[in-house]
Structure formats: C-alpha cells, structure tokens
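An overview of the molecular structure
Chain by chain, the residues:
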Amino acid sequence: MRIAEFLSPQAIIADMQARTKPEVLRELSAALVRAHPNLQEDKLVEVLREREKLGSTGIGEGVAIPHGKLGGMTQLLATFGVSREGLDFEAIDGKPTHLFFALVAPENSAGVHLKALARISRLFKNPRFRTAILEAPTAADIHALIVQEDARP
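Right, let's walk through the structure included here. The shown structure was predicted, so the numbers you read here are calculated from the model rather than taken from an experiment. Note that residues are indexed from 1 along each chain, following the sequence as it is written. In view of the model being predicted, local features appear only for residues whose pLDDT reaches at least 70, and side-chain atom pairs are presented and counted only at 80 or more, with totals across whole chains, interfaces and linings using the full set of residues. Only hydrogens and water are set aside; all other atoms, that is, all heavy atoms of the structure, feed into the side-chain values.

Another point: the side chain of T97. Relative to the assigned elements, T97 resides in strand 6 (residues 97-106). Any two residues whose heavy atoms approach within 4.5 Å at even a single point are treated as in contact. What T97 contacts, discounting residues up to four positions off in sequence, is G62, V63, A64, S83, G86, L87, F89 and A91. Numbered from the N terminus, helices here are DSSP runs of H or I no shorter than four residues, and strands are runs of E no shorter than two.

Quick look at the structure:
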C-alpha cells in the first residue's frame, strides 16, 4: 500500500487557516470534499469529531492523524494540511500541532485502515521529513515529498 493511492494532490492544504481543533476538522473535511465531490462534508466532520472524543489523535512532534470510518465509502481516502503557525490539538506531548493527516475509511476496513495509520505514523517519525514538509511552499511540493518519502524502502 502506498500513500499516493489514497492521497490526491487536490486534497492537500499547504497553508491551513484553522486556529482551533474543530476548525481543523472542518478545513480537512472541506479539502477532502473538493478532491472527492461525492462525499458529504458534514458527515466527514462528524466522523472525525467522534473519534477525537475518544482521545486526541495528536501523536506528538507536531503531527496529528485524525481518522474515522464512514458508511457508504468504497475506498480509503486521505487529506493533508499544514498549519504554519501550529495550534493546540491536545497532542500527547503538549506541543503545538503543525501537520494534519486525516484518514477516512470504509466501515468494514479495519486491516487497511490500521496499515495506513501505521505507514503514516512511520513516515512522520523522521524529523528531516517533517521539516521538509513545513518548508514546502505548495500543495504539489508537499504531495511530491510525501510520495518520495513513502517510496523509500
């Protein structure tokens, strides 16, 4: 599984405007709908909010991976956003969060969903990669960096 299979360049936000956790979830959902117009933004926001109620998906080091499952979907989809200023996403390390990788999976896809979460988590453990993403000026540059890093063995 490669991230490029479920993250399209159109679903990337190079400079997020959100300043709060609910605004982040809304902005990420809107980006996913722009890339996949058949999705419903309100449903996406609700799925991501419900997961956040269980505990923050802010995994630390400036990274959060909001995720959830949605009925009626046929494939895993993702959106990615960069908050240049960073914001409080209730991350486990208490630091501001800058990088948001949201995943939405079909309801009955535990295996694929978990593999994708693990792959994204591994990718963003690399401090040089996180810095490169933060410095990338455009959505196309960010997508290229993610695809390039994900292709490494």
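Next comes the rest of the write-up.
Moving on, we get to the side chain of R119. Mapping R119 onto the fold places it in helix 3 (residues 110-123). Residues adjacent in sequence count toward polar contacts only when both atoms are side-chain atoms; beyond that, a polar contact is any pair of N or O atoms within 3.5 Å, and within protein one must be able to donate a hydrogen and the other to accept it. In terms of polar contacts, R119 uses its side chain to reach the side chain of D150, at 2.6 Å. Apart from the residues lying within four places of it in its own chain, the contact partners of R119 are M1, R2, I3 and D150.

Right, let's talk about the pattern of salt bridges for a bit. Take a side-chain nitrogen of Lys or Arg and a carboxyl oxygen of Asp or Glu: if they are within 4 Å of each other, that pair is a salt bridge. Using the criterion set out here, one finds 10 salt bridges in the structure. One salt bridge in this structure joins R19 and E85, with 3.5 Å as the shortest N-O distance. Taken together, the positions of R19 in the loop between strand 1 (7-13) and helix 1 (21-35) and E85 in strand 5 (residues 77-87) put the pair 66 residues apart, joining distant regions of the chain. We note a salt bridge from K21 to E52, for which the minimum N-O separation is 2.9 Å. Of the two residues, K21 sits in helix 1 while E52 sits in helix 2 (residues 41-54), which places them 31 residues apart along the sequence. Given the relative accessible area of 12%, K21 is considered buried. Salt bridges here are not isolated pairs; linked through shared partners, they connect K21, E52 and E90. Classification of residues uses two cut-offs on accessible area relative to the type maximum, computed with a 1.4 Å probe and protein chains only: under 20% is buried, over 50% is exposed, and between them is partly exposed.

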